[in-house]
Amino acid sequence: MRLILDRESFDDKQLIVKRGHYPMSPKGNLPGKASGNKSDGSKDSEKNMASKNSQDKAWLLKVYQDMCYYRRFEERVLQAYTKQKFAGFCHVHIGQEGLCVGVQRALRDTDYMITGYRSHTQAIAKGIPGKEVFAELYGKATGCAKGNGGSMHMFSKEKRFLGGHGIVGGQVPLAAGVGFAIKYEKKDDIIVCYLGDAAINQGQFHEALNMAATWSLPCLFIIENNRYGMGTDIKRTTSIDHLWKRALAYDMDHGQVDAMNVQKTYEAVSTIVANMRKTNRPYLLDAICYRYKGHSVSDPGLYRSKEEMAEWMMKDPIIQLGEYLKKNKMASDEELKAIDTKGKEMARADEDWADEQPIPPEEQVWQNVYAD
Amino acid sequence: MAILTYREALGRAMAEEMTRDPKIFLMGEEVAEYNGAYKVSKGLLDKFGPERVIDSPISEGGFAGLGVGAAMVGLRPIIEMMTWNFGIQGFDQIINHAAKMLYMSAGQFSVPIVFRGPNGAAHMLAAQHSQTVEGMLTQVPGLKVVTSCCPADGYGLLKSSIRDNNPVIFLESEMMYAMKGEVDDAEHLIPLGVGSIKREGHHVTLIAWAKMVSRAMACAEQLAQEGIECEVIDPRSLRPLDEDMIFNSVRKTHRVVIIEEAYQAASVGSFIAEQIQRFCFDELDAPVMRVSNEFVPMPYAENLEHRVLPEAERIIPVIKQVLYMD
């Protein structure tokens, strides 16, 4: 019930950093719309399944595996870039694995996904083989966009991954269009649209949210709120303290989640998605996370203090889940280490495969400019 | 053979195509309940219902992008820009997204969409409502750019544009919506990339498109009384461009005047002139000449607007110049 806000408990953004406190709705559950259409899917089988899954050992170990793999993948990507094995822009997701994996687990294969330029591990999560993502970074013929896209433009029609996009906020109206098509075809799929925190100040974001809310389109807009648009603290450019408030202007369902915690993210998104399938209503989720690396490879991140970084790293999604697994006697340190080692090996195998791939033939320059 | 206005011909094309293919929808400002700002979509809401004929908010960037996203997953949107001046708000979606999607995704996501609406000056609409966009948009690989000069061409070309699997920029004109002309009762399509010879002649080739065709025809009519036979050719689609038709006409007349409602620099006319000098250099008996808008924002006053646009009093002296009649 977000409209009745207690400013005392909500407006101090420092809380988020200094005390590691994520303000949630007064009752502590995911807030729904003020009109009473709140996300109270607790009786839904999806919700029950979500709660069950997020405490199930095998399920959690697989989630842990994925997060380790994605982190090791991005580390190898950075190393490869540093070794000048490829060029261009390169934005990695290190630190934000909890969101990527938590969201993906709440979706089904027929759901769509679209994102901005920080897209490597989201593409893998949606089903594109990591080796094809790595090959795409190298501009190889067997990359998921045959070397036409690169780091910012991963695509798979088969996996319904509609691209990384390089214009901040430009993907948001596209997502509204996919939502429109889902509704037009009377399907119950949804589209997840990732966007960065700074994208909420683009006009197209507002235009798209207005249309999605007015026409009730099944779009889940997820703000990857890592607090910085490149090197600019969101506080310096944005008049609101909590980014989910953007939804208030469009009377849109909305909420906030601690996306450093993969279990919380998965449960929250499962509830939201189950509700969306029934209502077709859009949702704006403010996902609080943190990127450990700079905006791109060329950014040393000097605008952040070591203390701030250290504070966030204590909430690391992989460490958090590891601690949970150990505390609940689902895994030992050795087992977790073995899982991480496997993640390293998977990432290495992706890079090794990409190393061996052919570059695109020159005639590809002229292909796919126009469709037949 | 029926006599239709240009707006009726375009409306008929959309209605026929929407009947044929349920994946086609029309979205834009005032297209549904108001029946279109210029009444091009008149009757479509009644015929196809509010799921397929949709009044948009005034958010050109937003609904252009919505169309692109819907096209990526299988629908075939027609997006009406109330005018292309407003369409410039949607250029990020048209240029950065629609045009590049197929290429960026290496052929995985095509964007079959038509962006249509009136282009260029009407009458005393001043600087922000009188622009042409074909020069800007033919610069962008991945887009097709289509114009038409009469109801029959508009009908056949719009149908082809809707069936095309690429983003098509379909440029209309406020000044032409009431223009009447014969349109065949039988369904027919005009392929994109095929121009049309509007008047045959052997002294000089006039190249014009959209509403400049009627300017060129009027000049040709006037000069015929002096014994000058102009050939008037209309490429119709500017991307792809019917270069064969242009070159064949140049080989016949050896003299060319290009008339366009645009500025001289980096325009479609400058590209056509460059192609002619490159491929027909030995055929030319005079430099290729161009008549364009004066390089100023459009003024409001009627006499000043007239002075800026390519009108007969500026076109005819240029035609005589390439004929060395001065």
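Residues numbered from 1 in each chain as written. Chains lettered and ligands numbered in written order. Predicted model: local features only at pLDDT ≥ 70, side-chain atom pairs only at ≥ 80, totals over all residues.

K.L.:
Looking at this structure, I do not really get the overall build of chain B. What am I missing?
P.N.:
When helices and strands are tallied, chain B shows 13 helices and 14 strands. Computed over C-alpha atoms, the radius of gyration of chain B comes to 20 Å, within 12% of the 20 Å expected from 2.2 N^0.38 for 326 residues, which places it in the range of a compact globule. Across its three principal axes, chain B shows a C-alpha extent of roughly 60 × 40 × 40 Å. Across the 326 residues of chain B, 56% fall into the buried class. The contacts in chain B between residues at least 6 apart in sequence include a share of 77% that link residues at least 24 apart. (Helix = DSSP H or I, 4+ residues; strand = E, 2+ residues; numbered from the N terminus. Rg over C-alpha atoms; globule rule 2.2 N^0.38 Å. Buried ≥ 20, exposed ≤ 12 C-beta atoms within 10 Å, placed from the backbone. Contact = placed C-beta atoms within 7 Å.)

K.L.:
What am I meant to see in the interface of chain A and chain B here?
P.N.:
Interface extent is often summarised as the accessible area lost during association of the parts. Across the boundary between the two partners, chain A contributes 33 residues, which contact 34 residues of chain B. Take the side of chain A that touches chain B: its biggest share by element is 9 residues, from helix α8 (residues 171–184) of chain A. In terms of residue class, the side of chain A that touches chain B is made up of 18 nonpolar, 11 polar and 4 charged. (Nonpolar A, V, L, I, M, F, W, Y, C, P; charged D, E, K, R; others polar.)

K.L.:
How should the environment of Arg12 of chain B be read in this particular structure?
P.N.:
Locating Arg12 of chain B in the fold gives a position in helix α1 (residues 6–20). A C-alpha to C-alpha distance of 9.6 Å links Arg12 of chain B and Lys42 of chain B, two positions 30 residues apart in sequence.

K.L.:
Help me understand unusual backbone geometry in this model?
P.N.:
All names here are of chain B. In this chain, Arg239 is followed by Pro240 through a cis amide linkage whose omega measures 0°. Non-glycine residue His254 carries a positive phi angle of around 65°. With respect to the element layout, His254 can be found in the loop between α10 (243–253) and β13 (256–259).

K.L.:
Whenever I open this one, α10 of chain B confuses me. Can you help?
P.N.:
Think of an α-helix as 3.6 residues a turn; residues three or four steps apart then line up on the same face. Residue and element names in this part refer to chain B. Of the positions making up α10, those classed as buried are Ile246, Ser249, Val250 and Thr253. What you see down the axis of α10 is that its buried residues fit within an arc of 105°, all on one side. In this structure, the buried side of α10 is in contact with β10 (204–207), β11 (230–234), β13 and α11 (268–279). His254 lies just past α10 and shows a positive phi near 65°. (Arc of directions from axis to C-beta.)

K.L.:
What am I meant to see in the pairing of β10 of chain B here?
P.N.:
Taken residue by residue, a regular strand's side chains alternate between the two faces of the sheet. Residue and element names in this part refer to chain B. Side chains Val204 and Leu206 project from β10 onto one buried face, and the interleaved Thr205 and Ile207 project onto a second face that is buried too. Relative to β11, β10 runs parallel, the two being bridged by 4 bridges. Within the sheet, the bridge partner assigned to Ile207 lies in β11 and is Ile233. Regarding topology, helix α9 (residues 212–224) serves as the crossover connection from β10 to the parallel β11, and that connection is right-handed. (Pairing = 2+ DSSP bridges. Right-handed = clockwise from strand over helix to strand, strands pointing away.)

K.L.:
How should the sheet that holds strand β9 (residues 196–199) of chain B be read in this particular structure?
P.N.:
The pairing of strands in a sheet comes from backbone hydrogen bonds and takes either a parallel or an antiparallel form. Residues and elements named next belong to chain B. On the basis of which strands lie adjacent, the open sheet formed by 5 strands has the order β9-β11-β10-β13-β14 and mixed pairing. Looking at the sheet topology across the chains shown, the edges are occupied by β9 and β14 (289–291). Across the sheet, the mean angle from the axis of one strand to that of its neighbour is 25°, orientation sign disregarded. Bridge analysis of β9 against β11 gives 3 bridges, and the strand direction is antiparallel. The partner of Arg199 across the bridge, within β11, is Val232. Running at roughly 170° to β11, α9 makes contact with β9, β10, β11 and β13 of the sheet. Packed onto the sheet, α10 meets β10, β11 and β13 and runs at close to 175° relative to β11. (Axes fitted to C-alpha atoms, helices over the stretch in contact; angles between N-to-C directions.)

K.L.:
Help me understand the packing of helix α7 (residues 130–137) of chain A against helix α13 (residues 333–356) of chain A in this model?
P.N.:
Residues and elements named next belong to chain A. Packing of α7 against α13 brings their axes to within 8 Å, and their N-to-C directions diverge by 50°. Judged on the interaxial angle alone, α13 and α7 are oblique. For the pair α7 and α13, the crossing hand works out as right-handed. Along its contact with α7, which presents Gly130, Lys131, Phe134 and Ala135, the element α13 presents Met346, Asp350, Glu351, Trp353 and Ala354. Of the residues contributing to the contact of α7 with α13, the split by class is 5 nonpolar, 1 polar and 3 charged. (Parallel < 35°, antiparallel > 145°, perpendicular 65-115°, else oblique. Left-handed = near helix turned anticlockwise from the far one by under 90°.)

K.L.:
What is the right way to read the packing of α8 of chain A against helix α3 (residues 60–72) of chain B from this model?
P.N.:
When two helices pack together, you describe them by how their axes are tilted relative to each other and by the distance separating the axes. Following both chains from N to C, one finds α8 of chain A and α3 of chain B inclined at 55°, their axes separated by 6 Å at the closest point. Classified by the interaxial angle, the pair formed by α8 of chain A and α3 of chain B is oblique. Classified by chirality, the crossing of α3 of chain B by α8 of chain A is right-handed. When α8 of chain A is examined against α3 of chain B, the residues Pro173, Leu174, Ala175, Ala176, Gly177, Val178, Phe180 and Ala181 of chain A are found in contact with a partner set consisting of Gly61, Gly62, Gly65, Leu66, Gly67, Val68, Gly69, Ala70 and Met72 of chain B.

All quantities given are derived from atomic positions and should not be read as evidence of function.
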